[in-house]
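Here are the chains, one letter per residue:
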Amino acid sequence: MKVLIVDDEKHVREGIRLLANWEENNIEEIYEASNGEDAIQLIERYKPELIFSDMKMPKMDGTKLLEWIKENRPTSKTVVITGYDDYDYMRKAIHFNSFDYLLKPVDPEILNNTLKNAVEKWNEEELDRKKKLNFDQLVNKMKPAYRDRKLTHFLTSRSVNEEVFREFQFYLASEYRVAVMSLTEKTIEQFNKDRELAYFSILNIISEALNEKRAGIAFRYLANKGEIAIILWNKAEDVDRQLTEIYQKIRATFNISCPIAVGGPVSELAKLMDSYELGKEQLLSMNVLEKRETRVYIKPVLPKLEWKSLMKHNTAIKMAMQTGEIGAFTDIIQQIENEFTENGFLSWKQLLHFEKEYRIVGERWYKHFQIPLPSAWDSDSNRMDAFFEPEGSFLLEEYKAYITREIAVFLKKVKRAASSKESSIIYEIEKYVIANFNRDVKLQELSEQFYISREYISRKFKKEFHVTITDYLTKIRVEKAKSLLANSSLKIYEIANLIGYQDDKYFRKLFKKTVGVTPNEYRDSKISG
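The model shown is predicted, which means the values in this text are computed figures rather than measured ones. (Residues numbered from 1 in each chain as written. Predicted model: local features only at pLDDT ≥ 70, side-chain atom pairs only at ≥ 80, totals over all residues. Heavy atoms only, no water.)

Asks: Just to check I follow, could you spell out the nonpolar core for this structure?
Replies: Soluble globular proteins tend to pack their nonpolar side chains together in the buried interior. Formed by 69 residues in total, the largest nonpolar core has its most connected members in L155, F170, L272, F329, F394 and F410. With near-sequence residues (within four places) excluded, F329 lies in contact with I317, A320, M321, I407 and L411. With 52 residues, the next largest nonpolar core counts A118, V119, L490 and F507 among its residues. (Core = buried A, V, L, I, M, F, W, Y, C linked by side-chain atoms within 4.5 Å. Buried < 20%, exposed > 50% of the residue type's maximum accessible area, 1.4 Å probe, protein only. Contact = heavy atoms within 4.5 Å.)

This is the structure we're talking about:
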């Protein structure tokens, strides 16, 4: 496995090289780049599976690099390492599917936990990709899956395949459009959770309507889960009517809502993907709160609204979490609802983004309190599907009630976990101090983190370890410094920064007072020895 470290500061790259347990995670090759442009060249040449990247860099910054990786190397796992605890950077990292977000100076334990988890996740996904490849090879021999695969490739390739054109009897036309239909997990449930039966039944209705008018061709769009693509030709003025009839027939036959959105016209088959992308954006832009009989979207429906993010409420959520009471979340939930549903509009895309961020925030708190994630969170299915009415509108109040109950259950688990760990809490504090050795950990921070008073922490810690927290932290830092002095070529000021001292003169005095020799003398003794 290969790793790329991207940072314009050489000592940061060297620090990551030194602190990470590469061999334990089967990392055999490590490359470095000082900016995004150089990183892209290395990625194209060596194809690293894991990429650590800074956000602020010359030539090409981390945001543009993450965007490029998502587009051109989506199987790689990216980890952002930055000195800026900035909401905008975090939002961008999430948007471009970054695996994790670490702050400088990097804590070795957190770095190695992230490395281990990223490698495990990549291996898991690689196994899934191989399984999917084997499955796809089998699908090629089957019908109608063969048909779906051929047409999916035809749509995504952005080139005209004459063989496919003749095989599926495309019509030569002056313009074409692509419509996108969505099938949710709730739709699949209507067919006793038989996914193949659901697609077969719905495609049968669509094909009958299209064949009657010789108006187009429909297929299961394999590039995206839960989608049917409809390629339409000629009679652009009839598109609205045709799609409305298809929607209503499916609605009447199966009592399900399968929203349809159509992209703009294109003059060439090679540009079908452009029409598809517009149709998909239309679909994601629909107002899920709106009640309407027919969910067919021809014209843009998304007003100019500010993009909303749950992450801006992190501070308020943390304060509510500290109370341990569900009542503390009432105002937060209402405020979030008001923001996300401004003017009675909530796009499907915004809803999906909220759910993604909600899970990210939730997983952090579950991890923070060392509580296992709910089994429902392990499922690949979209649990929001359960909150859509048959006609397609989103049941916001029911969804809010569900989230409120979920938070309440979590808080109860936290209280139970806290009571069971009370006897060993002082050792948890010790772990926290060790994990954060490279910064000053104050008693107030520990009090807020572990929900006990500063006086209690100070008294119990000294009783258990026979030193104050400050002295204990100094001891850890000095031991880390000794290791870095003996095993690296980092400069003294770089080591001082890595272990939490911004003033290297102070570090030199402290080291000599504690160890009996200066840092340079200690390093020389290890080299000569």
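Asks: Honestly, the sheet that holds strand β5 (residues 100-103) in this entry has me stumped. Any pointers?
Replies: Sheet strands line up and pair through hydrogen bonds in the backbone, either parallel or antiparallel. Taken together, the five strands give an open sheet; going across it, the order is β2-β1-β3-β4-β5, and neighbouring strands pair in parallel fashion. The two strands at the open ends of the sheet, each matched to only one other strand, are β2 (29-33) and β5. For this sheet, the mean angle separating the axes of adjacent strands, direction not counted, is 20 degrees. (Pairing = 2+ DSSP bridges. Helix = DSSP H or I, 4+ residues; strand = E, 2+ residues; numbered from the N terminus. Axes fitted to C-alpha atoms, helices over the stretch in contact; angles between N-to-C directions.)

Asks: I tried to follow the environment of V262 on my own but got confused; where do I start?
Replies: As for its position among the elements, V262 is in strand β9 (residues 260-262). A relative accessible area of 2% places V262 in the buried class. It is 32 Å that separates the C-alpha atoms of V262 and D128, two residues lying 134 residues apart in sequence. Each residue touching V262, except ones within four places of it in the same chain, is listed here: R177, V178, A179, L232, V239, L243, G279, Q282, Y297 and I298.

Asks: Would you mind showing me how to read the pairing of strand β6 (residues 176-182) here?
Replies: Look at any regular strand and the pattern is simple: side chains alternate between the two faces of the sheet. Here β6 lies mainly inside the structure; seven of its seven residues are buried. Examined bridge by bridge, β6 and strand β8 (residues 227-233) share seven bridges and lie antiparallel to one another. Within β8, the position partnered with R177 by the bridge is L232. As paired elements, β6 and β9 share three bridges and run antiparallel to each other. Bridging across to β9, A179 finds its partner in V262.

Asks: Please explain helix α10 (residues 239-254) as it appears in this structure.
Replies: A turn of α-helix holds 3.6 residues, and therefore any two residues three or four places apart point the same way. Its 16 residues place the ends of α10 23 Å apart at the C-alpha level, agreeing with the 22 Å of an ideal helix rising 1.5 Å per residue. Taken together, the buried positions of α10 are occupied by V239, Q242, L243, T244, I246, Y247 and I250. Of the surrounding secondary structure, the elements contacted by the buried residues of α10 are β6, α9 (195-213), β8, β9 and β10 (296-297). At the C-terminal side of α10, N255 shows a positive phi close to 55 degrees. (Expected span 1.5 Å × (residues − 1).)

Asks: What's the story with the pairing of strand β3 (residues 50-53) in this structure? I'm lost.
Replies: Neither face of β3 is exposed, since L50 and F52 on one face and I51 and S53 on the opposite face are all buried. In terms of strand pairing, β3 meets strand β4 (residues 77-82) through four bridges, oriented parallel. Each residue of the ladder has a partner; that of S53, found in β4, is V80. The parallel pair β3 and β4 is bridged by helix α3 (residues 62-72), and the resulting crossover is right-handed. (Right-handed = clockwise from strand over helix to strand, strands pointing away.)

Asks: I'm lost on the environment of L373 in this one. Help?
Replies: Among the secondary structure elements, L373 is positioned in the loop between α14 (348-368) and α15 (396-421). Taking the relative accessible area as the measure of exposure, L373 reaches 34% and is therefore partly exposed. The spacing of L373 and F410 is 37 residues in sequence and 9.6 Å in space, taken between C-alpha atoms. Among all residues touching L373, those that are not within four sequence positions of it are E363 and Y366.

Asks: Whenever I open this one, the environment of T294 confuses me. Can you help?
Replies: If you trace the backbone, T294 turns up in the loop between α11 (272-285) and β10. Taking the relative accessible area as the measure of exposure, T294 reaches 17% and is therefore buried. For the pair T294 and S257, spaced 37 residues apart in sequence, the C-alpha separation works out to 8.5 Å. In contact with T294, not counting residues within four places along its chain, are T244, Y247 and Q248.

Asks: In this structure, what is going on with the packing of aromatic side chains? I would like to understand it.
Replies: Both the distance between ring centres and the angle between the ring planes are used here to describe each pair of aromatic rings. Scanning the entire structure with this criterion turns up 27 aromatic pairs. Linked through ring pairs, F340, F354, Y358, F387, F388, F394, Y399 and Y402 together constitute an aromatic cluster. Lying across the ring of Y501, R477 places its NZ or CZ 4.6 Å from the centre. Between the NZ or CZ atom of K480 and the centre of the ring of F437, over which it lies, the distance is 5.2 Å. (Phe/Tyr/Trp six-rings, centres within 6.5 Å; stacked < 30°, edge-to-face > 60°. Lys NZ or Arg CZ within 6 Å of the ring centre and 35° of its normal.)

Asks: I tried to follow unusual backbone geometry on my own but got confused; where do I start?
Replies: Glycine aside, a negative phi is what most residues show, and trans is what most peptide bonds show. Cis geometry marks the peptide bond from K104 to P105; its omega dihedral reads -10 degrees. Structurally, P105 is set in the loop between β5 and α5 (108-139). Phi is positive for N26, close to 60 degrees, though the residue is something other than glycine. Even without glycine at this site, N255 takes up a positive phi of about 55 degrees. Here N255 lies in the loop between α10 and β9.

Asks: Quick question: what am I supposed to make of the sheet that holds β8 here?
Replies: Strand order in the open sheet made by the five strands is β7-β8-β6-β9-β10, with mixed pairing throughout. The open sheet has two free edges, formed respectively by β7 (216-220) and β10, since each of these has just one partner strand. Strand direction decides the pairing type here: β7 and β8, joined by five bridges, are antiparallel. Across the sheet, A218 pairs through a bridge with I230, a residue of β8. Of the strands in this sheet, β6, β7 and β8 touch α9, which is tilted by about 175 degrees from β7. Against the sheet, α10 contacts β6, β8, β9 and β10, and its axis sits at roughly 165 degrees relative to β9.

Asks: How should the side chain of E49 be read in this particular structure?
Replies: Along the chain, the position of E49 falls in the loop between α2 (36-46) and β3. In contact with E49, other than residues within four places in its own chain, are M1, K2, S76, K77 and W122.

Asks: Just checking my understanding: could you explain the packing of helix α19 (residues 469-487) against helix α21 (residues 504-515) for this structure?
Replies: Helix-helix packing is described using two parameters, namely the angle between the two axes and the distance between the axes. Relative to each other, α19 and α21 sit at 95 degrees, their axes nearing to 11 Å. By the criterion of interaxial angle, the relationship of α19 to α21 is roughly perpendicular. Where α19 approaches α21, its residues T474, V478, A481, K482 and L485 are matched on the opposing element by F507, L510, F511, T514 and V515. A breakdown of the residues in the contact of α19 with α21 according to their chemical character gives seven nonpolar, two polar and one charged. (Parallel < 35°, antiparallel > 145°, perpendicular 65-115°, else oblique. Nonpolar A, V, L, I, M, F, W, Y, C, P; charged D, E, K, R; others polar.)

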